[in-house]
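# Summary of the model geometry
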Amino acid sequence: DENGIVGHSIGLALGGLRPIFEIQFSGFIFEALNQILAEMGRIMHRGNGLINLPIVGRLPYGGGRYIEHHREFEAPYLLNSPGLTIVCPSTVQDCYDLLWAAAASDKPVIIFEHKGLYREPKIKTDLRLNPTDQALEEFGMRVAREGTDLTVTAYGKLVYAALEAAAILERDGISIEILDVRVFAPFDQKTL
């Protein structure tokens, strides 16, 4: 079950490997919350900086009117847990780049991926297949649209709804800036 998936991944990371686990779907993390919050997020702190925990968890979320546990977004449950890096890409390139950067990190990372981005025809899917050398902490927020009158923050698939709304408001002379929050924790206060 999910508790075993996360527990085994933690053990593999402590043993020197770099596991990447997936819980399909994110609504199933509740059985593994103790492993994620009490172990994954805190082992580095308990080790006083002497222990690395290079582990990545992929948690697909969202997706419409499916049965329970298939559409929720559990990031808020994890945001107050120290030690976790939490990311949420909105583009195919960000999914690719953030996964590479997370795999290279020595810290535990949770990636929330909106399932609607996997097959969305409106989303441009040109993909550069070169692993990024950018550190995960450098991703922060992306300015998805420049504007001068108002700033709107969005994440994941919601970025596209915000971009559509900004295009409509532009017809009325209102300039909207859209910030794509790609990394929830640690939060990019500099860009904000």
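It should be noted that the structure appears before, not after, this text.
Let us look at the structure shown here. Predicted model only: the values in this text are computed from it and were never measured.

### Looking at the pairing of strand β6 (residues 150–154)
Across five bridges, the pairing between β6 and strand β7 (residues 176–181) is parallel. Its bridge partner lying in β7, A154 is registered against D180.

### Brief notes about helix α2 (residues 33–40)
Along α2, the residues that are buried comprise L33, Q35, I36 and M40. For α2, the elements touching its buried residues are α1 (2–14), β1 (20–22), α3 (43–46), α4 (75–78) and β4 (109–114).

### A closer look at the sheet that holds β4
Read from one edge to the other, the open sheet built from five strands follows the order β1-β2-β4-β3-β8, with strand pairing classed as mixed. Since the sheet does not close on itself, it has two edges, and those belong to β1 and β8 (183–185), each with one partner. Taken over all neighbouring pairs, the strand axes of this sheet differ in orientation by 25 degrees on average, direction set aside. By the bridge criterion, two bridges tie strand β3 (residues 85–87) to β8 in an arrangement that is antiparallel. By the bridge assignment, V87 is partnered in β8 with V183.

### Some remarks on the layout of surface pockets
Sizing a probe to match a water molecule and rolling it over the atoms shows the empty space that remains. Size it by volume and the largest pocket reaches roughly 170 Å³. G41, P82, G83, L84 and K107 are, among the 13 residues lining the largest pocket, the residues nearest its centre. For the lining of the largest pocket, the class distribution of residues is six nonpolar, four polar and three charged.

Criteria and cut-off values
- Residues numbered from 1 in each chain as written.
- Predicted model: local features only at pLDDT ≥ 70, side-chain atom pairs only at ≥ 80, totals over all residues.
- Heavy atoms only, no water.
- Pairing = 2+ DSSP bridges.
- Helix = DSSP H or I, 4+ residues; strand = E, 2+ residues; numbered from the N terminus.
- Buried < 20%, exposed > 50% of the residue type's maximum accessible area, 1.4 Å probe, protein only.
- Contact = heavy atoms within 4.5 Å.
- Axes fitted to C-alpha atoms, helices over the stretch in contact; angles between N-to-C directions.
- 1 Å grid on protein atoms, 1.4 Å probe; cavity = no way out; pocket = protein on both sides within 12 Å on 5 of 7 lines; lining within 4 Å.
- Points joined across faces, edges and corners; volume = space filled by probe spheres on them.
- Nonpolar A, V, L, I, M, F, W, Y, C, P; charged D, E, K, R; others polar.

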